[in-house]
Amino acid sequence: MHRLNVTIEFKNGNERDIEIAVSDLVIFVWSGRTTDIIKKEVEELSRIGISGPKNIPEIYILQPYLVTTSNYIRKVSDLHSGEVEYVLLIKNEDEIYVTVGSDHTDREAERCSVLAGKHMYPKIVARRAWPLKEIEDHWDDLVLRSWILEDDKKTLYQEGTMKFLLTPEKLVDLIREVVPDLKNVVVFSGTIPTIKGQIKPSGYFEIELYDPVLNRSIDHYYWIE
């Protein structure tokens, strides 16, 4: 069984290490909260030859071993990209944590099959997380960001608040339809549009989940070699 180890940060400053024996890896696609957000994502993908959604949202179940906290992954093709997402770490229905991740994807393969493209790269998560209960009351204020390298310079690639994506409560409700037992489940939320409206490959990807209310952040980076 694939195991994921993360450190939980509590708002009182305490920390606790937990282990999740991942039973299911669930990936959401087309999970924007409004039609405008979904439209922007459709436009970005159509520019590189990937067709739009059959369902909104779409849910994919991937192999649990794809989840990793690594800082290095191997390039499969030249047309690939990361995308910042919030990630739910569900120990059980009463113990849910939130972190930041990247659903790194092979875009060449996605032209034929989204599921195939998703399976060709690991799914990156940060090594730290927060209890969902500590941020529920200001969820829409949380900010997701990502950066890539352009001409060897770190460039802001994505930025937006959680109000653009479906809430954890909604994701959990939808997951019940495909995962019968909500224990040790890792859930990728789906992403936000890029700032320039263009999906770009990069050999470096950095992600951040920022909480402006409690003034703290979780970040992670990885290289694609």
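Let me sum up the structure you'll find in this document. Here the structure is a predicted model, which means the values were calculated and not measured.

Examining the overall build of the protein
(1) Moving on: Scanning the protein from N- to C-terminus turns up 4 helices and 17 strands.
(2) Moving on: For the protein, the spread of C-alpha atoms along the principal axes amounts to about 45 × 40 × 35 Å.
(3) Moving on: Looking at the protein as a whole, 55% of its 225 residues are labelled buried.
(4) Moving on: For the protein, the share of sequence-separated contacts (at least 6 apart) that also reach a separation of at least 24 residues comes to 73%.
(5) Moving on: Summed over all atoms, the accessible surface of the protein reaches about 10,400 Å², with 46% contributed by carbon and sulfur.
(6) Moving on: The positive charge centre, built from 28 side chains, and the negative charge centre, built from 38, are 2 Å apart in the protein.

A look at helix H1 (residues 35–46)
(1) Moving on: Given a rise of 1.5 Å per residue, 12 residues ought to cover 16 Å, and the 16 Å separating the end C-alpha atoms of H1 matches this to within 8%.
(2) Moving on: Within H1, the full set of buried residues consists of Ile37, Ile38, Glu41, Glu44 and Leu45. In a view along the axis of H1, the buried residues occupy a sector of 120°, so they form one face of it. Across from the buried face of H1, at angles greater than 90 degrees, the exposed residues are Thr35, Asp36 and Lys39.
(3) Moving on: The inward-facing, buried residues of H1 abut helix H2 (107–110).

Description of the packing of aromatic side chains
(1) Moving on: Under the defined criterion, the tally for this structure stands at 5 aromatic pairs.
(2) Moving on: Seen from their ring centres, Tyr157 and Phe205 are 6.1 Å apart, and the 80° between their planes marks the pair as edge-to-face. Here Tyr157, found in strand S14 (residues 153–161), pairs with Phe205, found in strand S16 (residues 204–211); they are 48 residues apart in sequence, far enough to count as distant.
(3) Moving on: Exposure remark for Tyr157: the relative accessible area of 6% places this residue in the buried category.
(4) Moving on: Summarising the aromatic geometry, the rings of Tyr204 and Trp223 are spaced 4.7 Å apart at their centres and angled 55° between planes, so their arrangement reads as tilted. Of the two residues, Tyr204 is situated in strand S16 and Trp223 in strand S17 (residues 216–224); the sequence distance between them amounts to 19 residues.
(5) Moving on: For Tyr204, a relative accessible area of 10% translates into the label buried.
(6) Moving on: Through a chain of ring-to-ring contacts, three or more aromatic side chains come together here, namely Tyr157, Phe205 and Tyr222.
(7) Moving on: The lysine or arginine in question, Lys154, covers the ring of Trp147, its NZ or CZ lying 5.2 Å from the ring centre.

Observations regarding the pairing of S14
(1) Moving on: Pairing of strand S13 (residues 143–150) with S14 involves 8 bridges; the strand directions are antiparallel. Bridge pairing in S14 links Glu150 to Lys153.
(2) Moving on: Once S13 ends, the chain turns through 2 residues before running back antiparallel as S14, passing Asp151 with a positive phi of about 55°.

Brief notes about the pattern of salt bridges
(1) Moving on: Counted by the stated rule, this structure contains 22 salt bridges.
(2) Moving on: As a salt-bridge pair, Lys118 and Glu83 come within 3.7 Å of each other at their nearest N and O atoms. Separated by 35 residues along the polypeptide, Lys118 in helix H3 (residues 114–119) and Glu83 in the loop between strand S7 (80–81) and strand S8 (84–92) bring together distant segments of the chain.
(3) Moving on: By relative accessible area, Lys118 is classed as buried at 2%.
(4) Moving on: When the shortest N-O distance is used, the salt bridge between Arg216 and Glu134 registers 3.7 Å. Separated by 82 residues along the polypeptide, Arg216 in strand S17 and Glu134 in the loop between strand S12 (128–131) and S13 bring together distant segments of the chain.
(5) Moving on: Here Arg216 falls in the buried class, since its relative accessible area comes to 13%.
(6) Moving on: In this structure Glu134 comes out as buried when scored by relative accessible area, which is 16%.
(7) Moving on: Connected through shared salt-bridge partners, Glu83, Asp103, Arg107, Glu110, Lys118 and Lys123 make up one network.

Analysis parameters
Residues numbered from 1 in each chain as written. Predicted model: local features only at pLDDT ≥ 70, side-chain atom pairs only at ≥ 80, totals over all residues. Heavy atoms only, no water. Helix = DSSP H or I, 4+ residues; strand = E, 2+ residues; numbered from the N terminus. Buried < 20%, exposed > 50% of the residue type's maximum accessible area, 1.4 Å probe, protein only. Contact = heavy atoms within 4.5 Å. Areas by Shrake-Rupley, 256 points an atom, 1.4 Å probe, with all protein chains shown as cover. Lys, Arg positive; Asp, Glu negative; His and termini not counted. Charge placed at Lys NZ, Arg CZ, Asp CG, Glu CD. Expected span 1.5 Å × (residues − 1). Arc of directions from axis to C-beta. Phe/Tyr/Trp six-rings, centres within 6.5 Å; stacked < 30°, edge-to-face > 60°. Lys NZ or Arg CZ within 6 Å of the ring centre and 35° of its normal. Pairing = 2+ DSSP bridges. Salt bridge = Lys/Arg side-chain N within 4 Å of Asp/Glu carboxyl O.

Keep in mind that these numbers describe shape and distance, not what the molecule does.
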